[in-house]
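Examining the three-dimensional arrangement
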Amino acid sequence: IYYPKHLPDNTVHCVLKDAFGNIWVGTENGLARGKDVSSIRPALQKEVTGHIITLYELKDHRICVGGSKGAFIVDQKHGTVNHIGESMGLKGREVRCFKEDNEGKIWMGTYGGGLYCYHKNKLTNINEIKNSCLDKDVFCIAEDTFGYYYITSNHGLWRLNIKALNEFYYGRLNHLIPFHYNEESGILNAEFN
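Residues numbered from 1 in each chain as written. Predicted model: local features only at pLDDT ≥ 70, side-chain atom pairs only at ≥ 80, totals over all residues. Heavy atoms only, no water.

Quick look at helix α1 (residues 162-169)
Taken together, the buried positions of α1 are occupied by Ile-162, Leu-165, Asn-166, Phe-168 and Tyr-169. Each buried residue of α1 sits inside an arc of 160° when the element is viewed along its axis, so together they form one side. Contacts from the buried residues of α1 go to β10 (106-111), β11 (114-119), β12 (122-125), β13 (140-143), β14 (148-153) and β15 (156-161). You can read the cap of α1 off the contacts: a side-chain oxygen lies 2.9 Å from the backbone nitrogen of Lys-163, and it is on Asn-161. Trailing α1 by a residue or two, Gly-171 shows a phi angle of about 80°, which is positive. (Buried < 20%, exposed > 50% of the residue type's maximum accessible area, 1.4 Å probe, protein only. Helix = DSSP H or I, 4+ residues; strand = E, 2+ residues; numbered from the N terminus. Arc of directions from axis to C-beta. Contact = heavy atoms within 4.5 Å. Polar contact = N/O pair within 3.5 Å; in protein donor to acceptor, adjacent residues only side chain to side chain.)

Shown next as structure tokens:
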């Protein structure tokens, strides 16, 4: 797989194989897609722009694409692309990660803009809600089996109770305070880049 025949750029940031066997490749200058090595080609070049950093498949098989121009949700079944960007209030240098929860909310991590929730076509910046103590950098969101999200940043690792996050999002809890792991906690390097 090489540029320019298969890829829009030769710098690759992410790869995803979806439930239907499609291979998605995020590059510095857009997206490529195909069923196998011979069929991968630049894809959705007008709809999905910028450098692509992360790919994520939702339970309904839509593909979330994140990068320098915000987030794009690609619905292969209906042939549509929904752009979530500055016009919806998305801030930060780039979208770095996605995590879908049991209610279908899409949590989005950004570099410099914090944590967002995209739910029922509405975008909410969790960092801008009063009494949110989240970091402005959210590089990765991983869930454990005990009800916590672990969030990486340039300033350490953050453990966030999922139930508390949802209560805070719905306005039933008036503060959101994650547990912070950094050098003082024993991490050798607090920069998760």
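Read on, since the account is not over.
A few points about the pattern of salt bridges
If the charged atoms of two oppositely charged side chains come close together, the side chains can form a pair. If you walk through the whole model with that rule in mind, you get seven salt bridges. Measuring nitrogen to oxygen at the nearest pair gives 2.8 Å for the salt bridge that ties Arg-62 to Asp-60. Close ionic contact of Arg-172 with Glu-167 constitutes a salt bridge, the shortest N to O distance being 3.1 Å. Among the residues examined, Arg-172 registers a relative accessible area of 54% and is labelled exposed. In the salt-bridge network here, residues are joined through shared partners; they are Asp-101, Glu-103 and Lys-105. (Salt bridge = Lys/Arg side-chain N within 4 Å of Asp/Glu carboxyl O.)

Observations concerning the nonpolar core
Buried together is how nonpolar side chains tend to be arranged in soluble globular proteins. Counting residues in hydrophobic clusters, the biggest one holds 17 residues, and the most contacted among them are Trp-107, Leu-115, Ile-126, Ile-141, Leu-165 and Leu-176. When residues in this core are grouped by element, the largest group, four residues, is from α1. (Core = buried A, V, L, I, M, F, W, Y, C linked by side-chain atoms within 4.5 Å.)

Looking at the sheet that holds β14
Taken together, four strands build an open sheet; the order of strands is β13-β14-β15-β16 and the sheet is antiparallel. Both outer strands of the open sheet, β13 and β16 (179-181), are each paired with one neighbouring strand and no more. This sheet shows a mean twist of 25° between the axes of neighbouring strands, independent of strand direction. The pairing of β15 with β16 spans three bridges and is antiparallel. When the bridges of β16 are listed, Leu-157 appears paired with Tyr-181. Where α1 meets the sheet, its contacts fall on β13, β14 and β15, and the angle it forms with β15 comes to roughly 75°. (Pairing = 2+ DSSP bridges. Axes fitted to C-alpha atoms, helices over the stretch in contact; angles between N-to-C directions.)

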